Amino acid sequence: MSAHPKTNDIVNIPQHHDRILILDFGSQVTQLIARRVRESGVYCEIWPFNQATAERIKAYNPKGVILSGGPQSVTWEDSPRAPEGLFEMGLPLFGICYGQQTMVEQLGGKVESSDHREFGRAYVDVKANTAITENVWESGAHEQVWMSHGDRVTALPEGFEVIGTSDGAPFAFIADETRKFYAVQFHPEVVHTPHGGDLLKNFTHNVCGCAGDWTMAAFKDEAIAKIRKQVGSGKVICGLSGGVDSSVTAVLLHEAIGEQLTCIYVDTGMMRAGESQQVVSLFRNHYNIPLIHENASDKFLGLLQGVKDPEMKRKIIGATFIDVFEDIAGRIGKVDYLAQGTLYPDVIESVSFTGGPSVTIKSHHNVGGLPERMDLQLVEPLRELFKDEVRDLGRALGMPEDFIRRHPFPGPGLAIRLPGEITAEKLDILRKADTIYLEEIQSAGLYDAIWQAFAVLLPVKTVGVMGDDRTYDHVCALRAVTSTDGMTADYYHFDHDFLSRVSTRIINEVRGINRVVYDITSKPPGTIEWE
Ligand code: XMP
């Protein structure tokens, strides 16, 4: 992941909070470890294993270290290891899956590749009580966990004892309580290990002695102080998209520096019905934040005329957005900073064992390139936070709940929900169908159970019959998915009565649509958006 230009130093390590360090060995679910630790009220960071030296760790001064899982085998030559000296630092350690195996191997135990792979749900027989199982698991209990391993520990290092066993892993849970080293073969960070979060909380609180004072109310006050220090009397601009991240960024900045902040909202013409009015009314009228609302829909629509290719649409929208934004910013006079709602998942450096760049499935547009062009410093007060923490911060800032819980909406907006050529007429049809669909989802009380829901207007016409007349109109596809991060998703299982109601309403109320279909594709192999 490339470093951000002119990254600010505003969100350095929060020195007065306890912190946990997570060393990443490349597991797909390392971020979930961090989220569980944060949920326990403890600040943590993820570092790639190969960037953590004993010296850096000492300077960071964590209360404990968690070693993540990973795709490699400790039996392979040159496979990753925990940094030299980690086991002699006197820090509590918690190894998970690959983290357990490398801990065992480095401390003189044995790990072997096994024919008995365990993948998915498994059960651990708890054999002993420890600080980490206190009030969670009792000796003698049979507990559900989630496993994903081929290798397994076959001999323990000195000082370790068995806390739990499973069918495929006789050393599924081990500990050396004197040194405060704990290690598990299963994954406590995933929801399929029902008490996994509590085990991790016991590690951070009971074993490491963390205070649990990482709350968004505390973060808010600290972030405001840091913003004031960074910005001084400088002027800041912030682009609003209508989404949660940029909105929380703007409200936080406004609390910190008041009128030194100007927000810019560019209406690309690709917004949903009523969206622009909502943003303007929240920021300009409710919060009294200086806001420039630029309606550039004609410009965007003009440039998109005849364009059918999804990547081309994104490129045109991205480039035009920067042009328009720069033009508006130029009118404000001297500006020093650009505020962005960059989140922690965007800045975590990922461990790559293949070395090659990952394939671009879709290029997401943002204001990339703008800071250099306009010689602006960045203010990114959410750089340390996960999405759910941003929502909590929004609550701590008193933002309206319905704004905080909004589904994500892509930068290119409705442009990528209209496969084929975009026209004002098609946008109008799509907006009407989308509004009905979301109204029905809201009134069925399903909005919060869904990650994203939207209508797509297909460039396909089909024959229908309404009354005595033949119709020849567009097909509307409905999409709704559940997800935790947008990386994977499952389609939402609506009941058929709900789908019939939406379909009937759309066909009766929206001129131009005579057929409605529901998309039942998961991601992968599909993507959430259709383009
Ligand atoms: P996909 O369609 O890739 O979407 O499964 C994953 C998440 O990303 C959003 N998305 C975008 N967001 N610019 C954005 O800002 C884009 O070009 C873009 N494409 C997809 C999508 O809505 C979902 O939340």
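Basis of the calculations
- Here the residue numbering is sequential within each chain, running from 1 through the sequence in written order.
- Under the rules for a predicted model, residues below a pLDDT of 70 receive no local features and side-chain atom pairs below 80 are neither given nor counted, while totals for whole chains, interfaces and linings still include all residues.
- Only heavy atoms go into the side-chain values, all of them from the structure, while hydrogens and water stay out.
- Grouping buried Ala, Val, Leu, Ile, Met, Phe, Trp, Tyr and Cys residues that are joined through side-chain atoms within 4.5 Å yields what is termed a nonpolar core.
- Accessible area is worked out with a 1.4 Å probe on protein chains only. A residue is then buried under 20% of its type maximum, exposed over 50%, and partly exposed in between.
- In this description, contact between two residues means that some pair of their heavy atoms is separated by no more than 4.5 Å.
- Strands here are runs of E lasting at least two residues and helices are runs of H or I lasting at least four, both read from the DSSP assignment and numbered beginning at the N terminus.
- Any pair of N or O atoms that falls within 3.5 Å is considered a polar contact. Within protein, one atom must be able to donate a hydrogen and the other to accept it, and sequence-neighbouring residues count only if both atoms are side-chain atoms.
- Note on geometry: axes are lines fitted to C-alpha atoms, helical ones only across the stretch in contact, with angles between N-to-C directions running from 0 to 180 degrees.
- Two helices crossing with the near one rotated counterclockwise from the far one by less than a right angle form a left-handed crossing, whereas a clockwise rotation gives a right-handed crossing.
- Charged residues are taken to be Asp, Glu, Lys and Arg, nonpolar residues to be Ala, Val, Leu, Ile, Met, Phe, Trp, Tyr, Cys and Pro, and polar residues to be all remaining types, Gly included.
- Each Phe, Tyr or Trp ring, with Trp reduced to its six-membered ring, pairs with another whose centre is within 6.5 Å; inter-plane angles below 30 degrees give stacked pairs, above 60 give edge-to-face pairs, and intermediate values give tilted ones.
- Whether a charge sits over a ring depends on NZ of Lys or CZ of Arg being within 6 Å of the ring centre and within 35 degrees of the ring normal.
- A strand pair is defined by DSSP finding two or more bridges across the two strands.
- The span you would expect from a helix comes to 1.5 Å times its residue count less one.

A.B. asks: Would you mind showing me how to read the nonpolar core here?
C.D. replies: Nonpolar side chains in soluble globular proteins tend to end up buried together. Counting residues in hydrophobic clusters, the biggest one holds 70 residues, and the most contacted among them are L23, M103, F283 and L393. Ignoring sequence-local partners within four residues, the contact set of M103 consists of L67, F87, L93, F94, G95, F160, F181, Y182 and A183.

A.B. asks: Would you mind showing me how to read the side chain of K313 here?
C.D. replies: Note on placement: K313 falls in helix α9 (residues 310-332). A polar contact is formed between the side chain of K313 and the backbone oxygen of A415, at a distance of 3.2 Å.

A.B. asks: Please explain the packing of helix α8 (residues 297-304) against α9 as it appears in this structure.
C.D. replies: At a minimum axis separation of 10 Å, α8 and α9 run at an interaxial angle of 145°. Considering only the axes of α8 and α9, their crossing is right-handed. In this structure, α8 uses K299, F300, L303 and L304 to contact α9, whose residues at the interface are K313, I316, I317, T320, F321 and V324. Class assignment of the residues belonging to the contact of α8 with α9 gives a composition of seven nonpolar, one polar and two charged.

A.B. asks: Just to check I follow, could you spell out the packing of aromatic side chains for this structure?
C.D. replies: The geometry of an aromatic ring pair comes down to the distance between the two centres and the angle between the two planes. Throughout the structure, instances matching the rule amount to 20 aromatic pairs. Where Y437 meets F494, the ring centres are 6.3 Å apart and the plane angle is 65°; that geometry is what we call edge-to-face. Taken together, the residues Y437 in helix α14 (residues 424-443) and F494 in the loop between β17 (490-491) and α15 (496-509) connect sequence positions 57 residues apart. For the pair Y437 and F494, a shared accessibility class is recorded, and that class is buried. Through a chain of ring-to-ring contacts, the aromatic side chains of Y437, Y491, Y492, F494, F498 and Y518 assemble into a single cluster. The aromatic ring of F409 is capped on one face by R272, whose charged end is 3.9 Å from the ring centroid. Taking the ring centre of F403 as reference, the NZ or CZ of R406 above it sits at 4.8 Å.

A.B. asks: I would appreciate a short explanation of the sheet that holds strand β8 (residues 173-176) in the present structure.
C.D. replies: Where strands meet in a sheet, backbone hydrogen bonds hold them as pairs that are either parallel or antiparallel. A sheet is described by the order of its strands in space; here nine strands give the open sequence β2-β1-β3-β4-β9-β8-β7-β5-β6, paired in mixed fashion. What marks the edges here is a single partner per strand, and that holds for β2 (43-48) and β6 (142-155). Neighbouring strand axes in the sheet, compared pairwise and without regard to direction, differ in orientation by 20° on average. As paired elements, strand β5 (residues 110-126) and strand β7 (residues 161-165) share two bridges and run antiparallel to each other.

A.B. asks: It is not clear to me how helix α7 (residues 275-286) should be interpreted in this structure. Could you clarify?
C.D. replies: Helical periodicity: at 3.6 residues per turn, an α-helix aligns residues three or four positions apart in one direction. The first and last C-alpha atoms of α7 sit 15 Å apart over 12 residues, in line with the 16 Å expected at 1.5 Å per residue. Where α7 is buried, its residues touch β10 (236-240), α6 (244-257), β11 (261-267), β12 (291-295) and α13 (401-404). Looking one or two places after α7, you find N288, whose phi comes out positive at around 60°.

Honestly, that's just the spatial picture; any functional story needs more than this.
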